[in-house]
Amino acid sequence: MKVTVSQGGLRAVTKEHGLTEYWAHRITYCSAPSSFPRVFCWVYRHEGRKLKQELRCHAVICSKESVARNMAAQLRAKLVQALTEFKRDKVCRQNARLSLANAVYDNPSLPRRKILLSTGSHNYRPPLERSKSAPKLMVIEESVEEDDDDVRTTAYHVAGARLAGVHTATER
C-alpha cells in the first residue's frame, strides 16, 4: 500500500482495490501517536447505506517514525488550509448575496456592470410577442400541385411572398 498526502486529502493505492481517495472535507482527525511511532492513522467519515454517516479509523504502518510524523503534519496543514479556504469562500458568497440584495435600493455596493449581468428580476425583458418590433404571426396557405412525372410541388404563400418546396412522392 502506498499512501500520499495530496491537495485534496489522502490517496492510497493498493493491489486489491487500486486507487482510493480520502477527501479532505471528510477527514475528521489524523495523528501519528507517540506510543506507536511508525503508525499513521486518520478518521474518515464514510457514507453507508441510505446515506448514513459512519466514522472509520484507518491506519498504516510506515517504514520510519519520521515518515509517519511528516505525513500527519502535512495532512494537518492541508486540512487547515482547506478549512480556511472554505470559510473565505463562504464569506465571499454571503457578501455577494447581500450586496446583490442591496443593489435593489438606491446605493448599490456592486458595480453596475455586475448588477446588470446578474441573473434574477433585474434582467427582466418582456416577451418578444409583446414588443412593438416583433414580427406578427400570419396564416400560411398551402396548395399542392401534381405534375406528370410523379413529383409533387408544394407552394407556400406567406403574406404576398411565394416560397416553393419540391418533394418526391416517396417522401410524403
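As a starting point, this report considers the structure included with it. (Residues numbered from 1 in each chain as written. Predicted model: local features only at pLDDT ≥ 70, side-chain atom pairs only at ≥ 80, totals over all residues. Heavy atoms only, no water.)

**Structural notes on the overall build of the protein**
Along the protein, the regular secondary structure elements total two helices and nine strands. Moving toward the C terminus, one meets the helices and strands of the protein in the order β-β-β-β-β-β-α-α-β-β-β. When the 172 residues of the protein are sorted by exposure, 22% land in the buried category. In the protein, 22% of the contacts between residues at least 6 apart in sequence involve partners at least 24 apart. Accessible surface, the protein as shown: approximately 14,000 Å² in total, 55% of it carbon and sulfur. (Helix = DSSP H or I, 4+ residues; strand = E, 2+ residues; numbered from the N terminus. Buried < 20%, exposed > 50% of the residue type's maximum accessible area, 1.4 Å probe, protein only. Contact = heavy atoms within 4.5 Å. Areas by Shrake-Rupley, 256 points an atom, 1.4 Å probe, with all protein chains shown as cover.)

**Let's talk about the sheet that holds strand β3 (residues 18–23)**
The strand order across the open sheet built from three strands is β1-β2-β3, with neighbouring strands paired in antiparallel fashion. Where the open sheet ends on each side, the last strands, each with one partner, are β1 (2–6) and β3. Across the sheet, the mean angle separating the axes of adjacent strands is 20 degrees when strand polarity is ignored. In the sheet, strand β2 (residues 9–14) pairs with β3 via six bridges, with the strands oriented antiparallel. Across the sheet, the residue bridging to Ala12 is Thr20, located in β3. (Pairing = 2+ DSSP bridges. Axes fitted to C-alpha atoms, helices over the stretch in contact; angles between N-to-C directions.)

**Considerations on the nonpolar core**
Core analysis: the largest hydrophobic core is formed by 19 residues, its most contacted members being Leu10, Tyr22, Ile27, Phe40, Trp42 and Leu75. Of all the elements in the fold, those that place two or more residues in this core are β1, β2, β4 (27–31), β5 (39–47) and α1 (65–102). With five residues, the top contributor of residues to this core is α1. Discounting residues that sit within four places of it in the chain, Leu10 has contacts with Val3, Thr4, Val5, Thr20, Glu21, Tyr22, Ile27, Phe40, Trp42 and Leu75. (Core = buried A, V, L, I, M, F, W, Y, C linked by side-chain atoms within 4.5 Å.)

**Things to note about the sheet that holds strand β6 (residues 53–61)**
Across the sheet, which stays open at both edges, the three strands sit in the order β4-β5-β6 with antiparallel pairing between neighbours. Both edges of this open sheet fall to β4 and β6, since each of them pairs with a single strand only. In this sheet, adjacent strand axes meet at a mean angle of 15 degrees when their direction is disregarded. Strand direction decides the pairing type here: β4 and β5, joined by four bridges, are antiparallel.

**A closer look at the environment of Ala73**
With respect to the helices, strands and loops of the structure, Ala73 is situated in helix α1. Each C-alpha atom of the pair Ala73 and Cys30 lies 8.9 Å from the other, and the pair is 43 residues apart in sequence.

**Looking at the layout of surface pockets**
By rolling a water-sized probe across the atoms, one finds the places where empty space is left. Of the volumes computed, that of the largest pocket is approximately 190 Å³. The wall of the largest pocket is formed by Ala24, His25, Ile27, Leu79, Ala82, Leu83 and Phe86. Considering every element that reaches the lining of the largest pocket, the biggest residue donor is α1, with four residues. In the lining of the largest pocket, the residues fall into six nonpolar, one polar and no charged. (1 Å grid on protein atoms, 1.4 Å probe; cavity = no way out; pocket = protein on both sides within 12 Å on 5 of 7 lines; lining within 4 Å. Points joined across faces, edges and corners; volume = space filled by probe spheres on them. Nonpolar A, V, L, I, M, F, W, Y, C, P; charged D, E, K, R; others polar.)

**Quick notes on the packing of aromatic side chains**
Inspection of every chain in the model, using the stated rule, returns three aromatic pairs. With centroids separated by 5.3 Å and ring planes inclined at 70 degrees, the aromatic side chains of Tyr22 and Trp42 adopt a geometry described as edge-to-face. You can see Tyr22 sitting in strand β3 and its partner Trp42 sitting in strand β5, a full 20 residues away along the chain. Of the residues examined, Trp42 reaches a relative accessible area of 1% and is grouped as buried. Centroid distance Phe40 to Trp42: 5.4 Å. Interplanar angle 35 degrees. Geometry classified as tilted. As far as burial versus exposure is concerned, Phe40 and Trp42 are alike and both buried. (Phe/Tyr/Trp six-rings, centres within 6.5 Å; stacked < 30°, edge-to-face > 60°.)

**Brief notes about the pattern of salt bridges**
In total, this model carries four salt bridges according to the counting rule given. The closest approach of N and O atoms between Arg26 and Glu47, which form a salt bridge, is 3.0 Å. Taken as a pair, Arg26 in the loop between β3 and β4 and Glu47 in strand β5 lie far apart in primary sequence, 21 residues in all. Using a relative accessible area of 14% as the deciding quantity, one classes Arg26 as buried. Residue Glu47 is classed as partly exposed on the basis of its relative accessible area of 40%. (Salt bridge = Lys/Arg side-chain N within 4 Å of Asp/Glu carboxyl O.)

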